[in-house]
Amino acid sequence: AGFIKSPLSQKRLTQDSVELYCEAIGNPIPEIQWWFEGNEPNETYVQLWDGARQDRVKINATYNLHSTSTIYIANLTSDDSGMYECRASNDPDRNHLSKSPKVKWIRSQANVFVIERPEVKGYMNDASVNRILTCNMTEPSSAIEGHEWILGDKIVKKDMESSTFTSYTIEGKVEEHSGVYQCVYKTNPVIKGEVSVKVPPQVMAYKKSEHGNEGDTGVLTCKNPSFPPVTSWNWYKKGQEVSAPIVNGSGRYIIKSSGNKTELRILKLNIEEDTGDYHCNATNSQGSGGATVNLRVRSRLAALWPFLGIVAEVLVLVTIIFIYEKRRKPDEVLD
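Residues numbered from 1 in each chain as written. Predicted model: local features only at pLDDT ≥ 70, side-chain atom pairs only at ≥ 80, totals over all residues. Heavy atoms only, no water.

Residue-level account of the sheet that holds strand β23 (residues 276–284), with values.
The strand order β18-β24-β23-β20 describes an open sheet built from 4 strands, whose pairing is mixed. Two strands in the sheet have a free side with no partner beyond their single neighbour: β18 (209–213) and β20 (232–237). Sheet twist, expressed as the average angle between the axes of neighbouring strands with direction ignored, equals 25°. Bridge count for β23 against strand β24 (residues 287–298) is 9 bridges, and the pairing is antiparallel. Bridge pairing in β24 links N281 to G290. (Pairing = 2+ DSSP bridges. Helix = DSSP H or I, 4+ residues; strand = E, 2+ residues; numbered from the N terminus. Axes fitted to C-alpha atoms, helices over the stretch in contact; angles between N-to-C directions.)

Describe in detail the sheet that holds strand β21 (residues 253–258), supporting the description with residues and values.
Spatially, β17-β19-β22-β21 is the arrangement adopted by the 4 strands of the open sheet, whose pairing is antiparallel. In the strand order of this sheet, the two ends are held by β17 (204–205) and β21, each with one partner. Where strand β19 (residues 218–223) meets strand β22 (residues 261–266), 6 bridges bridge the pair, whose relative direction is antiparallel. When the sheet's bridge partners are listed, T221 is paired in β22 with E263.

Please give an account of the state of the cysteines that cites residues and values.
Counting across every chain of the model gives 3 disulfides. Through a disulfide, C22 is tied to C86; the S-S separation comes to 1.8 Å. The chirality of the disulfide connecting C22 with C86 is left-handed, given an S-S dihedral of about -60°. Taken together, the residues C22 in strand β3 (residues 18–24) and C86 in strand β8 (residues 82–89) connect sequence positions 64 residues apart. (Disulfide = S-S within 2.5 Å.)

Put into structure tokens, the structure is as follows:
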């Protein structure tokens with residue numbers, strides 16, 4: 001027996017992808033093949049293989065206890081519309097060119113409809129406050145049953161309107177709401193557009209003040225939560241010229257920058273040389289921004305001072321009691 005586990009009818013948009021899954025059971029373990037028949041009247045079934053259609057077709061198969069096979073087609077075009085057939089057989093003569101197999105191929109089919117992708121135009125106004133994001137779709141492929149606006153994994157707005165036009169208003173400072181917004185049209189299949197809200201880096205220090213012990217490694221960190229990502233990071237020490245940033249690997253400095261985060265490590269901290277303010281600066285396509293971190297370096301003996309203070313207090317107290325006892329008159333001594 002063999003069957004396709006995926007839905008038997010699927011709608012997809014051009015440039016999307018589709019995946020079909022087939023499973024077959026038999027003894028001996030049957031072979032699985034994939035075949036395709038287009039929607040044109042005179043088209044016949046042709047076999048598909050891994051790498052077909054300019055390497056857009058990927059076929060994975062496993063034969064362990066039973067047979068499973070998955071066909072994946074990327075970057076769909078209208079020519080990919082048609083009937084996809086999974087065939088399974090364990091007859092020894094199944095692939096013989098002259099002999100017909102005693103056991104016929106078991107077949108299961110799924111129809112894929114590839115619809116031309118409608119155009120969605122996104123736009124953001126240039127107002128200083130209350131930026132308005134808009135999307136407009138031309139020639140929807142099916143009825144619109146509502147809209148959603150998504151930022152990251154959070155839905156910021158939803159409605160049940162059927163219009164090809166939808167909008168979302170950013171209230172407050174746009175710097176606090178940057179990112180790639182998705183306008184989602186609830187159609188079959190779902191249509192999505194994008195509007196990018198770009199701002200200069202809004203750099204923040206993990207801690208505005210860092211402490212380290214003399215001889216240890218100091219770690220200063222900055223991050224940028226805004227969009228677009230940072231393209232370059234620089235570190236400066238207060239008193240140095242902006243044209244002379246800290247160079248990674250120079251002296252005792254190690255800089256590790258990855259996307260929207262940067263880290264400055266200072267090896268073997270020195271009280272006189274390393275104490276002070278450090279400035280991290282980020283640059284992206286919209287501009288630059290920075291933040292300041294204050295580093296305080298403590299002596300290794302700093303942790304001993306409270307203990308030594310307590311010891312000194314105890315010694316002073318014991319000395320006072322000893323002197324007092326020595327100076328007491330004999331008649332003051334209790335029986």
